[in-house]
Amino acid sequence: DGGITQSPKYLFRKEGQNVTLSCEQNLNHDAMYWYRQDPGQGLRLIYYSQIVNDFQKGDIAEGYSVSREKKESFPLTVTSAQKNPTAFYLCASSPGTQPYFGPGTRLTVT
Amino acid sequence: AQRVTQPEKLLSVFKGAPVELKCNYSYSGSPELFWYVQYSRQRLQLLLRHISRESIKGFTADLNKGETSFHLKKPFAQEEDSAMYYCALEGGGNQFYFGTGTSLTVIP
């Protein structure tokens, strides 16, 4: 678990601003994921990446963007187009068996 | 489409009582199923996966393909079992889908 880090733990932004959430892993996992966790809605998949320089949209990709330039890093940008960005964001990586999660970033947009 | 349903948002049981957290899935193929747990102020972690057929912290889960269920069970609940539990499905292509979660409270 300690091999997946997300920063910062808390993030505050004004409405209309883009914000980028960091996710780094040193587990040498090929796959990485971004989930959004909201009360009563569980975890919903935003984007995932199976290999470097490739990623696919999940169920709720609208208003988000990602990049995967390095195996270790999978940053998520929450754009101003995301209508309800305030949430808890979880990053995960997987060697192909099950996902291992980071500690999460709580984003508040006002 | 792959879907995971956890019908109970909240579940309370007394210490020492049996507990069952329900999970039903919808998947056209042969799924891999998992239970994850999130204790207070800790990150989400794997509790068990059906393929390994393990018993972790006294919890077991049996895959019932006929009923498309993967319920999590423990014969005697402990206070430290109080947590948020998520059922998850790997639906091919290394994509993982999670249910809405069940918050379990074990009453002393």
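Residues numbered from 1 in each chain as written. Chains lettered and ligands numbered in written order. Predicted model: local features only at pLDDT ≥ 70, side-chain atom pairs only at ≥ 80, totals over all residues. Heavy atoms only, no water.

**Regarding the pattern of salt bridges**
This model, assessed by the stated rule, comprises eight salt bridges over all chains. With a shortest N-O distance of 3.1 Å, Glu 20 of chain B and Lys 22 of chain B are connected by a salt bridge. Among the ionic pairs, Lys 73 of chain B bridges to Glu 20 of chain B, the shortest N-O distance being 3.7 Å. Taken together, the residues Lys 73 of chain B in strand 8 (residues 72-74) and Glu 20 of chain B in strand 3 (residues 19-21) connect sequence positions 53 residues apart. Salt bridges here are not isolated pairs; linked through shared partners, they connect Arg 36, Asp 38 and Arg 44 of chain A. (Salt bridge = Lys/Arg side-chain N within 4 Å of Asp/Glu carboxyl O. Helix = DSSP H or I, 4+ residues; strand = E, 2+ residues; numbered from the N terminus.)

**Looking at the nonpolar core**
Ranked by internal contacts, the top residues of the largest apolar core, which has 24 residues, are Trp 35, Leu 72 and Tyr 85 of chain B. When residues of this core are traced back to their parent elements, those giving at least two are strand 2 (10-14), strand 3, strand 5 (32-38), strand 6 (45-49), strand 9 (83-90) and strand 11 (102-107) of chain B. Here this core gets four residues from one element, more than from any other, and that element is strand 9 of chain B. In contact with Leu 72 of chain B, other than residues within four places in its own chain, are Val 19, Glu 20, Leu 21, Trp 35, Leu 47, Leu 48, Phe 59, Thr 60, Ala 61 and Tyr 85 of chain B. Within the second largest apolar cluster, 20 residues are counted, among which are Ile 4, Tyr 64, Val 78 and Leu 107 of chain A. (Core = buried A, V, L, I, M, F, W, Y, C linked by side-chain atoms within 4.5 Å. Buried < 20%, exposed > 50% of the residue type's maximum accessible area, 1.4 Å probe, protein only. Contact = heavy atoms within 4.5 Å.)

**Digging into the state of the cysteines**
Residues and elements named next belong to chain A. In this structure the tally under the stated criterion is two disulfides over all chains. Here Cys 23 engages in a disulfide with Cys 91; their sulfurs sit 1.8 Å apart. Disulfide Cys 23-Cys 91: torsion about the S-S bond near -70°, hence left-handed. Of the two residues, Cys 23 is situated in strand 3 (residues 19-25) and Cys 91 in strand 9 (residues 87-94); the sequence distance between them amounts to 68 residues. The pair formed by Cys 23 and Cys 91 is uniform in burial state, with each residue classed as buried. (Disulfide = S-S within 2.5 Å.)

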